[in-house]
Structure formats: C-alpha cells, structure tokens
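Structure at a glance
Read off the chains here:
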Amino acid sequence: MPPTDDGFIGLRELPDDDPAPDRVEVTLRAIETTLELVSGHPHRHQTYDGSIPGPLIRARRGDVLRVNFENHLSEPTTIHWHGLRVPNGMDGVPGITQELVASGGTFVYEFPLLDEGTFWYHPHYDTLSQLGNGLYGAVLVDDPDEEAQLGAQRVLAVSDVSLNADGTPQHHEENDDTRAFGREGATLLVNGRTDQRMQLVSGTRLRLRVMNMARSRYLSLELAGHTFLRIGTDGGRLEYPVQESTPLLTPGDRADLIVEPRGEPGTHIELVTLPVDRGPGASTATGPERLVRLEFIEGPAPELLPLGPLTRERDAFDFEDAEEVQVSLTMDALEHGLVMGINGVPFTQSAPVHAETGRPQIWNVQNETAYAHPFHIHGFSFQVLDGDRLRSPLAYEDTIDIPARETLRLVPRFDEDRLGLWMFHCHILDHAESGMMGVLALTEPGAPVPVLDLSDHDHQGEQGHHGTPSDAGGPPSAPDEPDVPPATSGRSPHEILLEVLTQESYREPPWLAETPSPRGPVGVVTPHGWVRVFANDTLQQSLLAGNGTKRADDGSLEFDSKAPAHDPGSIAVKEFYDGDERVGRAALLKLDGPTTAAYYYCEGPPERCGVQTPTPAYGEMFAVSCGTCHAGFVYTVNYPAQ
Ligand code: C2O
Ligand code: CU
C-alpha cells in the first residue's frame, strides 16, 4: 500500500525487480531489527526486511512470483506461503518439503500465482516463536478482472503482541493452561501500529483487506451502526457477496470487506474487534478493542458507482462418491503434560492421511475439545458441506473455525499436479506446537509405493547439508559396499527420509535425556550387502516376522539392504564420512505395518552410538550425537498405513 493521504499507515510494498509484465521478482530478508513498537522503547525483533509486519508482496493472478529469500537471522527458518497453491517444494515446511534455510543461507521461492486473493507468509520453523516475534507479512494477488467500483483499498494486517512498558516482549508463562487456550498478545497491532486512524468524508466507500496474523486471537470485527458487505475470503472472491455485521476471522483467516462509514464531520467511530469466546479461559471482560479510529471530516459527498451484483464464477468442488476421512481434533492431559493431537495422537506419532488425485474426499473435522480450533490445510482450498450440499456462497477456503464440540465436513480439492506431503494443522500456534498437526500424502491413483531411497536426498541442490562432516561430500562406495536402492527422482510421499542435519538445526528430543547410554553398535553392514542387526529378543522376533531376513551364525539377524522399503523387515543404510574416512552408518528398518525404526551406529568407539528411537514416528528426530562421528541427528518419515 502506498502511504495514504487519509492518515492510515499502509504496508510498504516490495519493489518488483523483474521488468517482464507477468513476472514479479522481489528480495526478502529475515533480519533482526530494533523497533519501537512502544514509542521511546526500542527493542530487537525478528522481522522481514526490518518491519513488523514484513513488506507487502503484490502481484496479479497469472504472474510468476520469485522471492529471493535471505536468512540473516542467527537461526534457521523457512517461509510458508499461507493459502497460496504453490508447488510442493515451495511450501516451506522443513523436513517435509524443503531443508531449513540455515543462518546466512538463501532460498529461492518461485511459483505461479493461480488465485487472486489475500494471502500471507510466515516461517514454518519454530513458528510459535518466530511468527510470534514478528516474522509475518502479506501477499496481495490482484484480480486482472477487478471491478472499478469497489472503493479505496486498505490492507489491515492484524496481529498482537505482549510488551512490557519498556518495549521488551513480555515473558509469557508456558504451562498447560496457556497452551490449552493459546497465548494472546495484550496489544493489538494493525500494520504493526497501535494508533491507526483514517480521516474520511462520510459515505466514502472503503474496501478492507483484513488478515488475522495473530498467534491465537480470534477477531470479530465491528463498526457500530454499519454492516459489511463481504466479497471475499481466504482464496479470493465469494460466488456472491454477503452482508455480515461482525465478520469472524480466526488466526490465519482473511476477509475482503466493503463498507461505507457514515457520520457527522468532527465525530469519529471505531473499527473494533469484539471478544470471542473460543473456550475456557477466554476473557469476555475486555470489551471491544480498537483497530482503527475513523474520523469524519468536511468535504463534498463522495460520488459512488453502483456496486452491482459483484458475483464470481466459483467451481463447486467434487464430492461424489467421496472417501470419508475422519479428522478428530483431540486433547489429552497426559502425565507429562497436555498433548493436543489429531485422531488422538500428536504430530510426532501421526500417520499421514492418504489421498489420491482424482478421488474426492470429505474430511469430517470433528472438534472433540472445549476450545475452538482454526483448521488450516496447506496447498489446497476446500469448501464446506451443509448437510449434503456445498455451503453457499461458494468460496475457496484454507482456514476455518471449527467451534468447540462441533464438526465441519470439508471438501478439499486436490490438484492433479501437486503431489507430495502437505501439512494440515490448527493455526493457534500453541495448539500446533502441542501436536495438533498432521500430514496429507497426495499421490497418483494406485501409485506403487516407491522404493526407499536414501541416496539422492542429500544431493538435491538446495538441500545440501551444512557443516556436518558427513555424507554429502563422502567418497563413492567401495566395490564391496552394499548398493543403495535405485534413486527415484524428486521426493515422493511414500519415501522414507533418513538424513543427517547440522548441529544448528538439531533440537534434542525431550526423551533423549532419559535414554540410558546405549550398549554399543546395533548392527553392521556385511560385505555382501546385508545388514546385520544385533537386537534384543523382541526386536528380533518382530524382524523375523518380516521378509528379507535371515539368521546369521552368531544368532544375529541379517537383512537385505536392497529389499524394497515397503516390505516388512526391509532395511536401508546410509553412510557418513569425515573426509575420506567412514565414521558411521545409519540403518532404517521397516518392522511391520506403518511402523518404522531407525538405528544409528558409528564405527569409532561406540560410547554413545547405537541409538535407537523408542517409537519413531512421522518426522520424529532422534539423536546420534556421537563423539567420534559428530553426526547431528537423523529423522524418519513413516509410510502411510497400507
Ligand atoms: Cu499459516 Cu502451516 O500455516
Ligand atoms: Cu487449536
């Protein structure tokens, strides 16, 4: 938004460095900056390009957007493009769609803009903290067929922070209660400011593009005495506009609203957000909170073009003969604390929801908790079923409120050409962090489960590892080494990943502290390409139940390292080098059903090696912090249940 003459402070727009009319190229930096969110009290924040929110990225539907991203933070990060239907590799989820962008690193995000609408960007790494610190920004994709009569456009990026009087961020206590409710900031920001106002002549038509970028807070907008005409939502325009007196925006949600504020010159009214009861702990005592003060000034009555029908062709998503998918939003108080989850399990233990292109699904999203949850699916839009019909007007949603104890039936539309792993989660960041996340695996119909591939993963350009004396630069295998399974191109949803990342990106799993020092190596790779595992009885028995297994002379078990990964009992290995010297190997085993186990052993003194994950689960990390090999960590990705 260029600065406006009515006093409202808009967002700075990033300049387009590409002269081609249908391409927009911008440079975006994540950088720590000193800002005065409370005037007179500077404090350092994580920002995009030095401001909170970050700069506005603006383009038109049909353009290709290229973002040269530079990470100047002291920690890794990624960018997720919330609501945009991007290719899977551009979705910004570390460990799922891309590698972390290390401190000092860069990444090029490039994708076509398929939809017009109001979108946003934010990290998908340590999101609660990074987004909460100030890393978020808006993307406005204009519609080349836009009507002229929609009014003066204002972008309102709404967020909240909690600051002490000296401008330092307030330290919020984190406990089961704050996690269950989700922490809200006490101070509301509109485009990063607490003092937004607008001077206008009564009857001026405004088009407000509102985005809720807060961590937990719901917005319920109100302009006393007025009704909004809602023309758009997450993924662009509605099929036809609807009147709304208090539009609700959950975290992650967007609204495209038309309103003509009226009042006597010299008076003012306020655009506020009303308290929303989203569960136990909600304060309804706060009353309305101001977003923008609208001050009426003298002036000639504005000439308004008639609004007209403002309709749009919207596709009705197909749900004929749809497969039903149960997605329960759950919460359990366990001994070690509160766990939120999907279908009763937190993210780290979840199995992906499997979808095939061309096969419609209905997601029965059932909120079993006493809290409302904003449900968000990455990469795809969905529509809502009312009984056996799609809700009117048709809209393209990506984030929606699932009220406490209620169920919404969603019809996602899976594009044919964007296979891969996609996140879905609650957009209350405390909830997501506590486990309310899952993964969708979109494949072609009847796609064979690809062969386990550990070989090409570290050789995929941007995904190179940083700083670990390990695999990527290692020498080729000696002739007597086991062959790795054939490389598949790209990453498929069924692929198991096993890789070593850097110490920086390593976050120790909580259970590690309790894990006693392992006994020693759990296995070796034999010269004929089998892997021998020394295991306890239980493990041996479950391994014996699989195929590709035989018992060695000393009673240990051997596995064919080339066996297809989806066969129970099969195994894959990966080697780690320090210069020319092989210092360690990791083994990944598929025991049975959707269960995978991973092992690491090094060839040096085995003091701290031979670490096994207790219950390895989707995306779970396990440590292989070995004094000899200095490997960072390895993590596994489960198969979808078959
Ligand atoms: Cu704004 Cu994973 O989402
Ligand atoms: Cu939630």
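Our subject is the structure listed above.
The present account deals with the structure reproduced in this document. Numbering of residues starts from 1 in every chain and runs along the sequence as written. Numbering of ligands from 1 and lettering of chains from A proceed in the order in which they are written. Per-residue local features are limited, in this predicted model, to residues with pLDDT of at least 70; the limit for side-chain atom pairs, both in listing and counting, is 80 or more; totals at the level of whole chains, interfaces and linings are taken over all residues. As a rule here, side-chain values cover all heavy atoms of the structure and leave hydrogens and water aside.

1. Structural notes on the environment of Glu-270
For helices the rule is a DSSP run of H or I covering at least 4 residues; for strands it is a run of E covering at least 2, with both sets numbered from the N terminus onward. Tracing the sequence through the fold places Glu-270 in strand 18 (residues 268-273). With 20 residues separating them along the chain, Glu-270 and Arg-290 place their C-alpha atoms 6.3 Å apart. Should any heavy atoms of two residues lie within 4.5 Å, those residues are considered in contact. In contact with Glu-270, other than residues within four places in its own chain, are Glu-222, Leu-223, Ala-224, Arg-290, Val-292 and Arg-293.

2. What about the coordination of the copper ion (ligand 2)?
The rule for donors is simple: N, O or S, within 2.8 Å of the metal, or within 3.2 Å if the metal is Na, K or Ca. Water isn't counted, so a site may look like it is missing partners. Within the protein, the atoms that donate to the copper ion (ligand 2) are His-373 (ND1), Cys-426 (SG) and His-431 (ND1), at distances of 2.0 to 2.1 Å. Look at where the donors of the copper ion (ligand 2) fall in the sequence and you get H-x52-C-x4-H. Partly exposed residues are those whose accessible area sits between 20% and 50% of the maximum for their type, while under 20% is buried and over 50% is exposed, using a 1.4 Å probe and protein chains only. Its relative accessible area of 0% is what places His-431 among the buried residues.

3. Brief notes about the sheet that holds strand 14 (residues 228-233)
Note on pairing: two strands pair once DSSP finds at least 2 bridges between them. Taken together, the six strands give an open sheet; going across it, the order is 10-9-12-17-14-15, and neighbouring strands pair in mixed fashion. What marks the edges here is a single partner per strand, and that holds for strand 10 (187-190) and strand 15 (236-244). Within this sheet the neighbouring strands show an average axis-to-axis angle of 25 degrees, counted without direction. Pairing between strand 9 (residues 152-161) and strand 12 (residues 206-212): seven bridges, direction parallel. Within the sheet, the bridge partner assigned to Arg-154 lies in strand 12 and is Leu-208. Every axis corresponds to a line fitted to the C-alpha atoms, with the helix fit spanning only the stretch in contact, and the corresponding angles, defined between N-to-C directions, vary from 0 to 180 degrees.

4. Things to note about the packing of aromatic side chains
In summary, the pairing rule links any two rings of Phe, Tyr or Trp, Trp by its six-membered ring, whose centres are within 6.5 Å, and it sorts them by plane angle into stacked for under 30 degrees, edge-to-face for over 60 and tilted for everything else. Following the criterion strictly, the structure yields twelve aromatic pairs and no others. For the ring pair Phe-375 and Phe-424, a centre distance of 5.9 Å and an interplane angle of 50 degrees mean the geometry is tilted. One end of the pair, Phe-375, is in strand 24 (residues 373-377); the other, Phe-424, is in strand 29 (residues 420-426), and 49 residues separate them in sequence. Placement of a positive charge over a ring is assigned whenever Lys NZ or Arg CZ falls within 6 Å of the ring centre and within 35 degrees of the normal to the ring plane. One cation-aromatic arrangement involves Arg-278 over Phe-181; the distance from NZ or CZ to the ring centre is 3.8 Å.

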